[in-house]
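Read off the chains here:
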Amino acid sequence: YNTSMKALTGQNPPPWRLILSEPACGAWNMALDQALLESTTVEGSMPTLRLFSWQPACLSIGYAQSVKEVNKDTLDRLGWDLVRRPTGGRAILHTDELTYSITAPLSHPVAAGSVLESYRRLSLGLISALETIGLSVNADKTYPETTSYGTVSPVCFETPSNYEITVQGKKLIGSAQARRNNGLLQHGTLPLYGDLGRIIQVLNHESPEARTIAMERLNLHATTLESALGERMDWDTAARAFQSGFSTSLNINFILSQPTPLEMERATALVQDVYANPAWTFRL
């Protein structure tokens, strides 16, 4: 597949930006992702790989997910953020992780074809990144949209979706994509270590028994990089693996960069108008 990407992009492909962001709150992280998405329509703008983390811990819910699934009292007691993503999918607790986002114009070869086709193409970068650090992983188009219990789970990591990354049958990287104004945004998360079950305490369940079952299902179907690898890896090492994986598999030359002043200005406005605004977060 790397050969076909070289055929599409050429032997000396146009560069991508690589942005290594400082840890930030949920509203800022989502606002900056949207600002980068919007800037893909600017003539001459480069596709971007951004790697980042979250401070404080943050529960993100999908674009169309009901906030009624969130136990806001427990979230507030723990001091964790809440944000609604611009992309779909289910709830994710962002802590002890590396998060990536990719933004590119739909005219770019990496975004060619359908959502599923681009999702598969970008999954090759994720696979290559994890293989760089010694993992054997899969990304298959075989997963249903519901759990074995017949209902959609509120937890992203409980069930793999098409072309998401699994190791030994357990979901390791969860991703989601949005397309707007001729641009593509895909972002996703790699839990580095820690207890994935922490998310269960900030989601509502019908009964203590239902909460216990949800915890068991999550532990059965999801894992962290530390559990899969047998040792803990820090954020910087994982970030280098992501850079190497995407560069190798998708024929990308990265230029270390920062968001432009206009992107920062737009992100600041989006924090106030959208991602820190209860009218957005609690709209469903």
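Structure: see above.
Right, let's walk through the structure included here.

Calculation notes
Residues numbered from 1 in each chain as written. Predicted model: local features only at pLDDT ≥ 70, side-chain atom pairs only at ≥ 80, totals over all residues. Heavy atoms only, no water. Helix = DSSP H or I, 4+ residues; strand = E, 2+ residues; numbered from the N terminus. Buried < 20%, exposed > 50% of the residue type's maximum accessible area, 1.4 Å probe, protein only. Contact = heavy atoms within 4.5 Å. Areas by Shrake-Rupley, 256 points an atom, 1.4 Å probe, with all protein chains shown as cover. Pairing = 2+ DSSP bridges. Axes fitted to C-alpha atoms, helices over the stretch in contact; angles between N-to-C directions. Expected span 1.5 Å × (residues − 1). Arc of directions from axis to C-beta. Parallel < 35°, antiparallel > 145°, perpendicular 65-115°, else oblique. Left-handed = near helix turned anticlockwise from the far one by under 90°. Nonpolar A, V, L, I, M, F, W, Y, C, P; charged D, E, K, R; others polar. Core = buried A, V, L, I, M, F, W, Y, C linked by side-chain atoms within 4.5 Å.

In terms of helices and strands, the protein carries nine helices and ten strands. Expressed as a percentage of the 284 residues in the protein, the buried residues total 52%. In the protein, the share of contacts with a sequence separation of at least 24, taken over all contacts with a separation of at least 6, comes to 76%. For the protein, the computed accessible surface area is about 12,600 Å², with 51% contributed by carbon and sulfur atoms.

This part covers the sheet that holds strand E9 (residues 183-191). Strand order in the open sheet formed by seven strands is E7-E8-E9-E6-E2-E1-E10, and the pairing between neighbours is mixed. The outermost strands of the open sheet, each flanked by one partner alone, are strand E7 (165-167) and strand E10 (254-257). Sheet twist, expressed as the average angle between the axes of neighbouring strands with direction ignored, equals 15°. Looking at chain direction, strand E2 (residues 48-52) and strand E6 (residues 97-105) are connected through five bridges and run antiparallel. Directly across from Thr-48, in E6, lies its bridge partner Thr-103. Relative to E2, helix H2 (residues 26-39) is tilted by about 175°, and along the sheet it contacts strand E1 (16-20), E2, E6, strand E8 (170-180) and E9. Packed on one face of the sheet, helix H4 (residues 115-132) meets E6, E7, E8 and E9 and runs near 140° to E8.

Once that is clear, we can look at helix H7 (residues 235-250). The first and last C-alpha atoms of H7 sit 22 Å apart over 16 residues, in line with the 22 Å expected at 1.5 Å per residue. Taken together, the buried positions of H7 are Trp-235, Ala-238, Ala-239, Ala-241, Phe-242, Gly-245, Phe-246, Ser-249 and Leu-250. Looking straight down H7, one finds its buried side chains confined to an arc of 160°; they lie on one side. In the stretch just after H7, Asn-251 is the one whose phi turns positive, near 55°.

Another point: the packing of H4 against H7. Helix-helix packing is described using two parameters, namely the angle between the two axes and the distance between the axes. Remark: H4 packs on H7, axes separated minimally by 7 Å, with the N-to-C direction vectors making an angle of 130°. The angle between H4 and H7 places the two elements in the oblique class. Considering only the axes of H4 and H7, their crossing is right-handed. The segment H4 lies against H7, with Arg-121, Leu-122, Leu-124, Gly-125, Leu-126, Ser-128, Ala-129 and Thr-132 engaging Ala-241, Phe-242, Ser-244, Gly-245, Phe-246, Thr-248, Ser-249 and Leu-250. Considered class by class, the residues forming the contact of H4 with H7 number eight nonpolar, seven polar and one charged.

Given 3.6 residues to a turn, an α-helix orients residues that are three or four positions apart in the same direction. Relative to the 26 Å expected for 18 residues at 1.5 Å per residue, H4 spans 26 Å between its end C-alpha atoms, a close match to the ideal helical length. Ser-118, Tyr-119, Arg-121, Leu-122, Ser-123, Gly-125, Leu-126, Ile-127, Ser-128, Ala-129 and Leu-130 are the residues of H4 that are buried. Gly-134 sits one or two positions beyond H4 and adopts a positive phi of about 95°.

As for its position among the elements, Thr-281 is in helix H9 (residues 278-281). We classify Thr-281 as buried; its relative accessible area is 4%. Setting aside residues up to four positions removed in sequence, Thr-281 forms contacts with Ile-61, Val-67, Leu-82, Arg-84 and Tyr-275.

With that out of the way, let us pick up unusual backbone geometry. Residues Gln-55 and Pro-56 are joined by a peptide bond in cis, for which omega reads 0°. With respect to the element layout, Pro-56 can be found in the loop between E2 and strand E3 (58-61). Not every positive phi belongs to a glycine, and Asp-96 is a case in point at roughly 55°. With respect to the element layout, Asp-96 can be found in the loop between strand E5 (92-94) and E6.

Our next topic: the nonpolar core. Ranked by internal contacts, the top residues of the largest apolar core, which has 37 residues, are Leu-51, Leu-130, Ile-173, Phe-242 and Phe-246. Elements represented by at least two residues in this core include exactly E1, E2, E6, H4, E7, E8, E9 and H7. Ranked by residues supplied to this core, first place goes to H7 with seven residues. Each residue touching Phe-246, except ones within four places of it in the same chain, is listed here: Leu-49, Ile-102, Leu-122, Gly-125, Leu-126, Asn-251, Ile-252 and Phe-254.

Sheet architecture is open: three strands sit in the order E4-E3-E5, paired in mixed fashion. A single partner strand is all that each edge strand has here, and the edge strands are strand E4 (81-84) and E5. Ignoring which end each strand starts from, the neighbouring axes of this sheet average 25° apart. With four bridges connecting them, E3 and E4 associate as parallel partners. Within E4, the residue paired with Leu-59 across the bridge is Leu-82.

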